Amino acid sequence: YLYMVKFYTPEELAQVLSVDVELILDLATSGQLRAYRIGGHIRIGEADLQGFLEGAVMNASNSDFTSPRPR
């Protein structure tokens, strides 16, 4: 079976997460959010987004965010 991986543009991902596109670009360029340069354009894979989000889960005991795990 052919499995197609979903990729987001920084603008699409910013809209999905309701954040500024600059935040997405900062996370990508700092390496906190894995991103790919494809044909001169930045793309973020769905699996990479999922991994990032799993590392950014709120700590329920004190409502603080934990830092995303480095990749």
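Shown above is the structure to which this text applies.
I will try to describe carefully the structure that is included in this document.

Cut-offs applied
Residues numbered from 1 in each chain as written. Predicted model: local features only at pLDDT ≥ 70, side-chain atom pairs only at ≥ 80, totals over all residues. Heavy atoms only, no water. Pairing = 2+ DSSP bridges. Helix = DSSP H or I, 4+ residues; strand = E, 2+ residues; numbered from the N terminus. Core = buried A, V, L, I, M, F, W, Y, C linked by side-chain atoms within 4.5 Å. Buried < 20%, exposed > 50% of the residue type's maximum accessible area, 1.4 Å probe, protein only. Contact = heavy atoms within 4.5 Å. Phe/Tyr/Trp six-rings, centres within 6.5 Å; stacked < 30°, edge-to-face > 60°.

Turning our attention to the sheet that holds strand β1 (residues 7–8). For sheets, the rule is that strands pair by backbone hydrogen bonds, running either parallel or antiparallel. Taken in spatial order, the three strands of this open sheet run β1-β3-β2, and their pairing is antiparallel. Across the chains shown, the open sheet's two edge strands, defined by having one partner strand only, are β1 and β2 (36–38). Where β2 and strand β3 (residues 41–45) come together, three bridges link them in antiparallel fashion. Counted as the bridge partner of arginine 37 is isoleucine 42 from β3.

Another point: the nonpolar core. The biggest cluster of nonpolar side chains holds ten residues, and these are Tyr8, Leu13, Ala14, Ile24, Leu27, Leu33, Ile42, Ile44, Leu49 and Phe52. Taken together, the elements giving at least two residues each to this core come down to α1 (10–17), α2 (21–30), β3 and α3 (46–54). Every residue in contact with leucine 27, bar those within four places of it in the chain, is listed here: Gln32, Leu33 and Phe52.

Let us look at the pairing of β3. Of the strand pairs in this sheet, β1 and β3 are connected by two bridges, and their pairing is antiparallel. The partner of phenylalanine 7 across the bridge, within β3, is glycine 45. In textbook terms, the turn of a hairpin is the stretch between consecutive antiparallel strands, and for β2 and β3 this stretch comprises two residues, one of which, glycine 39, has a positive phi near 60°.

What follows covers the environment of glycine 45. The topology assignment puts glycine 45 in strand β3. Sequence separation between glycine 45 and valine 5 is 40 residues; the distance between their C-alpha atoms is 7.0 Å.

Turning our attention to the packing of aromatic side chains. Summed over all chains, the structure comprises one aromatic pair. A centroid spacing of 5.8 Å and a plane angle of 90° characterise the contact between phenylalanine 7 and tyrosine 36, whose relative ring orientation is edge-to-face. Taken together, the residues phenylalanine 7 in strand β1 and tyrosine 36 in strand β2 connect sequence positions 29 residues apart. Residue class for tyrosine 36 comes out partly exposed when judged on its relative accessible area of 31%.

Okay, the environment of isoleucine 24 next. Structurally, isoleucine 24 can be placed in helix α2. For the pair isoleucine 24 and alanine 35, spaced eleven residues apart in sequence, the C-alpha to C-alpha distance is 9.8 Å. What isoleucine 24 contacts, discounting residues up to four positions off in sequence, is Pro10, Leu13, Ala14, Leu17, Val19, Leu33 and Ile44.

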